[in-house]
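Residue strings, one per chain:
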Amino acid sequence: MDVSILTPRRPISHVRNLMTASRIHRYGPPGVIDLDVVERPHPAEGEVLVRVKAAGVSLLDAWIRAGRISPSAPLPLTLGSELAGVVAAVGPGVANFTPGDAVFGVSNPGFTGACAEYAVASTAMIAKQPGRLDFIDAASIPVVAVSAWQALFDHADLAAGQSVLIRGAASNIGAFAVQLAARAGLRVIATADDGDTAYVRGLGASVVINARSPRFEEAARDVDAVVDLVGGGAGRRSFSLLKRGGVLVSTVSAPDQEEAARYGVRALFFVAEVTTARLARIAAMIDAGELSTHIGAVLALAGVRVAHEMMEGARPHPRGKIVLRIGT
């Protein structure tokens, strides 16, 4: 038996107010994750209770589990932030969602609580689910799609006719960034492994550079922005590719501000700010056929440790988003 496949700490009860949740009692590697049977949460003002059908697994989940990010919730805590499901109940004062609505989004600003049979979600961080998508695809979107949008348009402030280098373009955020940038009329230069070249070109990249090239900067010069989804030494080398006054935006690590100043560019790190308005905009583009999702692996809730091992590269998985199927 694979020790990464979990069973709840207590037998699953049919009592109405209990549920199974993926929780940690201490920070550490994927092995610290347990399945616990706990009481269902109750929505407060401005919140809804979602019967979770699927939950996306993101790098933020791994950072919280490992203790790299200090979560707002105390231990033990329920992991997960990206969810798709059906509204089961609404808190006081909630008028824009009703029980039975299919929704997708993020649980709360602390990015916890979604990897469970039921989750409380802030109404400011969810939206109606795109009609074209099932729950699995919808759960793959929130953090990665909003991160891509914010990197390109909120932080880099790019407009049609400008150029952007997207490092890590075959990643989950990268795939949305390439699609969004191409749709907006940007010239998209991307880095990707050789095996991902055709995939990234298909998303809309004008130029795809081998990410393992020791001199990838020779293929891209004077770009308006770099979206860095990889980090490391090549991220620092990206400063030389920017026009003076350009910007490097990272979702993985804080850029070197002294190096940025030396090249006369801006540089910043950010964590996605998921809002109803941003999700609704992305949902509209998906329903219009302008954006596509890509699922890499779908596991049951009992496979949550495996999902985190995949996220960290300890287990192979196909390119695309890792999603947990929770409800039926």
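What you see is a predicted model, and the numbers here were worked out from it, not measured in a lab.

Caption draft 1: Inspection of the sheet that holds strand β13 (residues 242-250) at higher detail. Read across the open sheet, the 6 strands follow the order β11-β10-β9-β12-β13-β14; overall the sheet is parallel. The sheet is open, and its two edges are formed by β11 (207-210) and β14 (266-269), each paired on a single side. Within the sheet, the average angular offset between the axes of one strand and its neighbour, ignoring direction, is 15 degrees. Of the pairings in the sheet, the one linking strand β12 (residues 223-228) to β13 comprises 5 bridges and is parallel in character. Residue pairing in the sheet places A225 in a bridge with V247 of β13.

Caption draft 2: A look at the pattern of salt bridges. Under the definition given, this model contains 12 salt bridges. Its salt-bridge partner being K128, residue D101 comes within 4.0 Å of it at the nearest N-O pair. Residue D101 is located in the loop between β5 (82-90) and β6 (102-106), and its partner K128 is located in strand β8 (residues 126-128); the two are separated by 27 residues in the primary sequence. Classification of K128 as partly exposed rests on a relative accessible area of 44%. The salt bridge involving D228 is made with R167; its shortest N-O contact spans 2.6 Å. Of this pair, D228 sits in strand β12 while R167 is found in strand β9 (residues 163-167), placing the two residues 61 residues apart along the sequence. In terms of burial, D228 and R167 fall into one category: buried.

Caption draft 3: A look at helix α9 (residues 304-311). Of all 8 residues in α9, 7 are buried, a share of seventy percent or more. On its buried side, α9 packs onto β1 (18-24), β2 (33-39), β3 (47-57), α1 (59-66), β15 (295-300) and β16 (321-325).

Caption draft 4: Structural detail: the sheet that holds strand β4 (residues 77-78). Overall, antiparallel pairing links the 3 strands, which are arranged β2-β1-β4 in an open sheet. Edge strands, defined here as strands with exactly one partner in the open sheet, are β2 and β4. Pairing of β1 with β4, which is carried by 2 bridges, proceeds in the antiparallel orientation. Among the inter-strand pairings, I24 is bridged to a residue of β4, identified as L77. Across the sheet, α9 is in contact with β1 and β2; its angle to β2 comes to roughly 135 degrees.

Caption draft 5: Looking closely at α1. α1 sits mainly inside the fold: 6 of its 8 residues count as buried. Those residues of α1 that sit buried are L60, D61, A62, W63, I64 and R65.

Caption draft 6: Up close: the nonpolar core. In this structure, L152, V164, I166, V200 and L324 are the most contacted members of the largest nonpolar core, which totals 93 residues. Residue contributions to this core peak at 9 residues, all from helix α3 (residues 142-155). With 13 residues, the next largest nonpolar core counts L165, A220, F239 and A267 among its residues.

Rules used throughout
- Residues numbered from 1 in each chain as written.
- Predicted model: local features only at pLDDT ≥ 70, side-chain atom pairs only at ≥ 80, totals over all residues.
- Heavy atoms only, no water.
- Pairing = 2+ DSSP bridges.
- Helix = DSSP H or I, 4+ residues; strand = E, 2+ residues; numbered from the N terminus.
- Axes fitted to C-alpha atoms, helices over the stretch in contact; angles between N-to-C directions.
- Salt bridge = Lys/Arg side-chain N within 4 Å of Asp/Glu carboxyl O.
- Buried < 20%, exposed > 50% of the residue type's maximum accessible area, 1.4 Å probe, protein only.
- Contact = heavy atoms within 4.5 Å.
- Core = buried A, V, L, I, M, F, W, Y, C linked by side-chain atoms within 4.5 Å.

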